Amino acid sequence: MSAAVSIESGVLDDYRARLRPGAVDELVTETGLRTDQAALGAAVDAMGMAGLQAARAEARTFAADEGVTYGTGQTGSRNWAIDPIPVLIGSAEWAELEAGLRQRVRLLDLVLDDIYGERTLLRRRVIPPELILAHDGYVRQTDGISAPGRRQLVVAATDLGRDPEGRWTVISDRTQAPSGPGYAMATRRIISRVMAGLHRSTPLARLRGFFQTFTAALQDASPSATEPPRVVLLTPGPNSETAFEQAYLATLLGFPLVEADDLVMHRGTVWLRAGDRLEQVDVILRRVDAAFADPLELRGDSQLGIPGLIEAARNRTVAVVNPVGAGVLENPGLLAHLDAVADALLGEELLLPTPTTWWCGRDADRSHVLANLDALVLKPISRAMGPLRYGWLLSQTERSELADRIAAEPWAWCGQQRMRLSTAPVVTRAGLEPRRFVLRTFGVAHDDDYRFLPGGLGRVAARIGEHTVSNYTGALAKDVWVISDDADQLTPTSRDRTLRPPPLSRASGLSPRVSDNLYWMGRYAERAEGTARLLKVVDDFAEDNSTLVGTPGALATDALLQTVAWVTVTGSIRDGETPLDYLRQVVLDASRAGTVRRCANQVINAAQHVRDLLSIDTWSVLGRLQQTLDQTPDDDDQLQPLLADVLESLLALAGIMAQSMVRDESWAFLDAGCRMERAQLTLSLLGSAFDRPRERQVEDLVVEGVLRAGESIITHRRRAAAGTGPTLALESAIELLLLDRVNPRSVIYQAESLAADLTLIGDEASAAKALALVAALDAVEPEELLDTAALTERLTGLEQDFRRLSDDLAALHFLRQPPRRPQTAGWASPWQVADE
């Protein structure tokens, strides 16, 4: 820690008074500010508590708008919580820390290579064999497998804290499937806006170069000479706690995000299902826990892995990063032996200290731990065995029970010296609070060395006095700034292939899972928009006419309410339910199929499966849509403002799709879904609204409602006034919504657009079917359909044709792999990925 400078009375003076005596803090000391924190301290004091609280609220808004989340629906998903005050690390201090991290990761790489190779460390008992072989992170099936790259450990994360002397001290290592670099970048994006002035004026080491290095590191790991190698990021799916980060990381690295369904094993090689072809996969960045990675060799009930993956890695047809089995290095019992390991493998002393650790598999260590249970942190060697325990917080009974467990399985436990972590200021409603701070750093193998993300991801405890700093316990994120005069210091210099566009032969198609979700995202978005438009019109009719029984307006309202029930498949008005209550339910009831809320939820669900293909703006719009529908209006409130807000969000989403997406297969499937849904919705609307003859006044009102719902009422009125359209309102509606080639709301327009989308996808046969629908519609004369029976027959036939085409698309493009038959039972939830 550096020397201090005095601070004036203000926010930080009050904060300093709240520190416990002798505490180490990231911003202040007992006598003032740390010297390298002067600019930050001045900014914090200048903002005052009102400004800091506003920044806190702004950071939360940005996180919600961008869809930055942690957790799942099963365990409780929450928006990423960020404290606005960054943590600053000086350039000299970072250089010293980075040297220690580099030494540590190099050592862990050598340990991993030895454990699955010659096992010299185990044979000489530098590391007790039982500590490794009894650990659930040790995967016997991968014994003897050596990764083809220069390093076995390609990605590593290290959790650190400052000890009471201010030294960075290693708390734990994360090598299984380290999470966090994506969260670090997302946090930086938000804080750079919240603290824009300070961010611009501070010379920071930028983060982007690390991800370019990360991309090169993964390509370096390829066993193939193919340029560029095909790299994918294997995710458990949207139910993973870190689903956002996995998708965002895939976007930062430029690699596709895949699930097990997207990959197949064929003749010992992993292939990506890309449309109607297979593309060989060279490198898999694994975010699936090792136990689930290969159901053939490991857990047979896994639906998340690839059967035969371990054998493919053994034969070097694919590289897995990190290797299956790398999680053994997360064993906290190793900390008791790393000094000896460093001496044996490096001939060096460790630059970064760790808390003194006693492994209970040694008699002397076990005796010490049992005699000092009330003063130690007690850790099982595997997180699967349960959480760590703070001995001083246990009751006498709990300590006795724990002692019995340790005596029964001594090899499975270690004790660790209590470490008093430094604190960092956290903005709360009550002012700045000192909370325990943990830094997670990230390194990737680069040529013969390791390169590190400047700073990393900071986290502070969820509440004051909380000992555990973890995402599971609600920790807040901190942006960590490294002061540097060379902001581009991490731009890769040794490889240029990451900057060269890949040849066309390596262009990646879309897997059936991705195509399916894009298509249905488009369909549900259009369904939600079309339903909201219809409900807005019918609600207006109901407000004006529901009490005027027997009038043309009331009869038209009844007809339109029946149309709502038919088009949305939500069912008719229930006994005792008023029209306005019914419409409210069709908007807000998430449990009822066909409602706006249900459709919006399905849009969001589909989007979560293709998050890596969508812009951040998409999540801002979807977040606003969800917030709008979450704010249930009172019974007396009108629906019009709510529906207007819903349509605003859905139109913004449509605008992003139309104006911000490259016209490739992704856009084509998304747009095809929109076109298919709009065609079927319009046909259903016309068929239901005009299913019987009505009095002229009633019919004209119904036609007006249909044209308003179809966004064509203005064109109808202008043509009628100019004498360029049909005289009958019904004939005008049929022409505009069914047969008008220049109306983007007509069915024929959807069929033409659908044909163009399918041509872009490369499905000429399906495109021809869509063009056949265009020809059939083109041959229709509007006056032929003025007869109700003829109109109903024609609309029903067209709707069936579109449904058959949609079924054909599903069979051709969306066919998933069948679920694997479980080989075992009774395992824990597969969604708990060991990458917290």
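Residues numbered from 1 in each chain as written. Predicted model: local features only at pLDDT ≥ 70, side-chain atom pairs only at ≥ 80, totals over all residues. Heavy atoms only, no water.

Could you give an account of the overall build of the chain, with specific residues and numbers?
Assigned secondary structure in the chain consists of 26 helices and 23 strands. Taking 836 residues into account, the globule formula puts the C-alpha radius of gyration at 28 Å, and the chain, at 31 Å, falls close to it. The buried share among the 836 residues of the chain stands at 58%. Summed over all atoms, the accessible surface of the chain reaches about 33,300 Å², with 50% contributed by carbon and sulfur. Each charge class in the chain was averaged separately, 87 positive and 113 negative side chains, and the resulting centres sit 4 Å apart. (Helix = DSSP H or I, 4+ residues; strand = E, 2+ residues; numbered from the N terminus. Rg over C-alpha atoms; globule rule 2.2 N^0.38 Å. Buried < 20%, exposed > 50% of the residue type's maximum accessible area, 1.4 Å probe, protein only. Areas by Shrake-Rupley, 256 points an atom, 1.4 Å probe, with all protein chains shown as cover. Lys, Arg positive; Asp, Glu negative; His and termini not counted. Charge placed at Lys NZ, Arg CZ, Asp CG, Glu CD.)

Now, about the packing of helix α16 (residues 579-588) against helix α19 (residues 639-660): what can you tell me, with residues and values included?
α19 packs onto α16 with a crossing angle of 25° between their chain directions and a minimal axis gap of 11 Å. When the interaxial angle is binned, α16 and α19 end up roughly parallel. Considering the relative orientation of α16 and α19, their crossing is left-handed. Facing α16, whose interface residues are Leu583, Arg584, Val587 and Leu588, α19 presents Leu639, Leu642 and Leu643. (Axes fitted to C-alpha atoms, helices over the stretch in contact; angles between N-to-C directions. Parallel < 35°, antiparallel > 145°, perpendicular 65-115°, else oblique. Left-handed = near helix turned anticlockwise from the far one by under 90°. Contact = heavy atoms within 4.5 Å.)

Account for the sheet that holds strand β9 (residues 257-258), with residues named and values stated.
Sheet architecture is open: four strands sit in the order β9-β8-β13-β14, paired in parallel fashion. Two strands close off the open sheet at either side, each with one partner strand: β9 and β14 (319-321). Here three bridges tie strand β13 (residues 283-286) to β14, and the two strands are oriented parallel to one another. By the bridge assignment, Val283 is partnered in β14 with Ala319. (Pairing = 2+ DSSP bridges.)

Requested: an account of the packing of aromatic side chains, with residues and values cited.
For the coordinates displayed, the defined rule picks out twelve aromatic pairs. Residues Tyr116 and Tyr138 carry aromatic rings whose centres are separated by 5.2 Å and whose planes lie at 15° to one another, so their mutual orientation is stacked. Placement of Tyr116 in the loop between α3 (91-115) and α4 (120-123) and of Tyr138 in the loop between α5 (129-133) and β6 (155-162) is noted, with a sequence separation of 22 residues between them. On the basis of relative accessibility, which here comes to 6%, the residue Tyr138 falls in the buried class. On the basis of an interplanar angle of 40° and a centroid distance of 5.1 Å, the ring pair of Tyr519 and Phe814 is categorised as tilted. Of the two residues, Tyr519 is situated in helix α14 (residues 512-545) and Phe814 in the segment after α26 (788-813); the sequence distance between them amounts to 295 residues. In this structure Tyr519 comes out as buried when scored by relative accessible area, which is 1%. Three or more aromatic residues joined by ring pairs form one cluster here, namely Tyr519, Trp520, Tyr524, Phe669 and Phe814. A cation over an aromatic ring shows up here: Arg663 above the ring of Trp667, its NZ or CZ 4.2 Å from the ring centre. (Phe/Tyr/Trp six-rings, centres within 6.5 Å; stacked < 30°, edge-to-face > 60°. Lys NZ or Arg CZ within 6 Å of the ring centre and 35° of its normal.)

Describe in detail unusual backbone geometry, supporting the description with residues and values.
At the junction of Glu227 and Pro228, the peptide bond is cis and its omega measures out at -15° in the coordinates. In this fold, Pro228 is placed in the loop between α8 (208-220) and β8 (231-234). Here Val321 and Asn322 are connected by a cis peptide whose omega angle stands at -15°. Mapped onto the fold, Asn322 is located in the loop between β14 and α11 (338-345). The backbone phi angle of Glu711 is positive, close to 55°, even though this residue is not glycine. Among the secondary structure elements, Glu711 is positioned in the loop between α21 (696-709) and α22 (713-722).

Can you break down the side chain of His199 residue by residue, with the values?
Tracing the chain through its elements places His199 in helix α7 (residues 196-201). In contact with His199, other than residues within four places in its own chain, are Arg188, Ser192, Leu204, Arg206 and Trp481.

Before we move on, could you go through the environment of Ala430 and cite the residues and values that matter?
In this fold, Ala430 is placed in the loop between β19 (423-428) and β20 (431-446). For Ala430, a relative accessible area of 62% translates into the label exposed.

I'd like to hear about the pattern of salt bridges, residue by residue, with values.
Summed over all chains, the structure comprises 57 salt bridges. In this structure, Asp516 engages Arg816 in a salt bridge whose closest nitrogen and oxygen atoms are separated by 3.3 Å. Separated by 300 residues along the polypeptide, Asp516 in helix α14 and Arg816 in the segment after α26 bring together distant segments of the chain. Here Arg694 ties to Asp691 by a salt bridge, and the two come within 3.5 Å at their closest N and O atoms. It is possible to trace a salt-bridge network through shared partners that takes in Glu526, Glu529, Arg533, Arg678, Glu711 and Arg745. (Salt bridge = Lys/Arg side-chain N within 4 Å of Asp/Glu carboxyl O.)

Run through the nonpolar core, naming residues and quoting values.
The biggest cluster of nonpolar side chains holds 137 residues, and the ones touching the most others in it are Ile127, Phe211, Phe214, Ile284, Leu285, Leu329 and Leu432. Ranked by residue count, the leading element in this core is α3, at nine residues. Leaving out residues up to four positions away in the same chain, Phe214 has contacts with Val155, Leu249, Leu253, Leu285 and Val444. (Core = buried A, V, L, I, M, F, W, Y, C linked by side-chain atoms within 4.5 Å.)

Go over the sheet that holds strand β17 (residues 389-390), please, and point to the residues and values.
Strand order in the open sheet formed by four strands is β15-β18-β16-β17, and the pairing between neighbours is antiparallel. A strand with exactly one partner marks an edge of an open sheet, and here the two such strands are β15 (357-359) and β17. The pairing of strand β16 (residues 376-380) with strand β18 (residues 413-417) spans five bridges and is classified as antiparallel. Each residue of the ladder has a partner; that of Leu376, found in β18, is Gln417.

These figures come from the coordinates and say nothing about function on their own.
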